[in-house]
Amino acid sequence: MKINEVKELADKDLREKLENAEAALHQMKLNHSVTPLENPSQIKAARRDIARMKTVLRQRELNK
């Protein structure tokens, strides 16, 4: 997910996507510990997407 896509989302949608992404990351990590993922760089990409979402949410909080 690109930063422009994240910035276009409303707060409610962004928080929902963040929760889903965090749950998916947790599940990915569990699956990877049992059987290695085909593409382990997915974990890195998911972490970065979560960081982007959190950054945008924090920027919005500070601007209010």
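Residues numbered from 1 in each chain as written. Predicted model: local features only at pLDDT ≥ 70, side-chain atom pairs only at ≥ 80, totals over all residues. Heavy atoms only, no water.

**Remarks on the overall build of the protein chain**
For step 1, the next point in the chain: When you go through the protein chain residue by residue, the secondary structure sums to three helices and zero strands.
For step 2, the next point in the chain: Secondary structure elements of the protein chain, listed N to C terminal, follow the sequence α-α-α.
For step 3, the next point in the chain: Considering only C-alpha atoms, the protein chain reaches an extent of 45 × 15 × 15 Å along its principal axes.
For step 4, the next point in the chain: Residue burial in the protein chain is summarised as follows: out of 64 residues, 23% are buried.
For step 5, the next point in the chain: Look at the contacts in the protein chain between residues 6 or more apart in sequence, and 69% of them connect residues 24 or more apart.
For step 6, the next point in the chain: Element-wise, carbon and sulfur atoms account for 49% of the exposed surface of the protein chain, whose accessible area totals about 5000 Å².
For step 7, the next point in the chain: The protein chain carries 14 positive and 10 negative side-chain charges, and their two centres are separated by 6 Å. (Helix = DSSP H or I, 4+ residues; strand = E, 2+ residues; numbered from the N terminus. Buried < 20%, exposed > 50% of the residue type's maximum accessible area, 1.4 Å probe, protein only. Contact = heavy atoms within 4.5 Å. Areas by Shrake-Rupley, 256 points an atom, 1.4 Å probe, with all protein chains shown as cover. Lys, Arg positive; Asp, Glu negative; His and termini not counted. Charge placed at Lys NZ, Arg CZ, Asp CG, Glu CD.)

**Considerations on the packing of helix α2 (residues 11-34) against helix α3 (residues 41-63)**
For step 1, the next point in the chain: Viewed as axis vectors pointing N to C, α2 and α3 meet at an angle of 155°, and their least axial separation amounts to 10 Å. As the angle between them shows, α2 and α3 are arranged roughly antiparallel. The crossing of α2 and α3 is left-handed. Contacts from D11, L14, R15, K17, L18, A21, E22, L25, M28, K29 and H32 of α2 reach α3 at Q42, I43, A46, R47, I50, M53, K54, V56, L57, R60 and E61.
For step 2, the next point in the chain: In the contact of α2 with α3, the residues fall into eleven nonpolar, two polar and nine charged. (Axes fitted to C-alpha atoms, helices over the stretch in contact; angles between N-to-C directions. Parallel < 35°, antiparallel > 145°, perpendicular 65-115°, else oblique. Left-handed = near helix turned anticlockwise from the far one by under 90°. Nonpolar A, V, L, I, M, F, W, Y, C, P; charged D, E, K, R; others polar.)

**Concerning α3**
For step 1, the next point in the chain: When the terminal C-alpha atoms of α3 are compared, their 33 Å separation across 23 residues agrees well with the 33 Å that a helix rising 1.5 Å per residue should span.
For step 2, the next point in the chain: Those residues of α3 that fall on the buried side of the exposure criterion are I43, A46, D49, I50, M53, V56, L57 and R60. (Expected span 1.5 Å × (residues − 1).)

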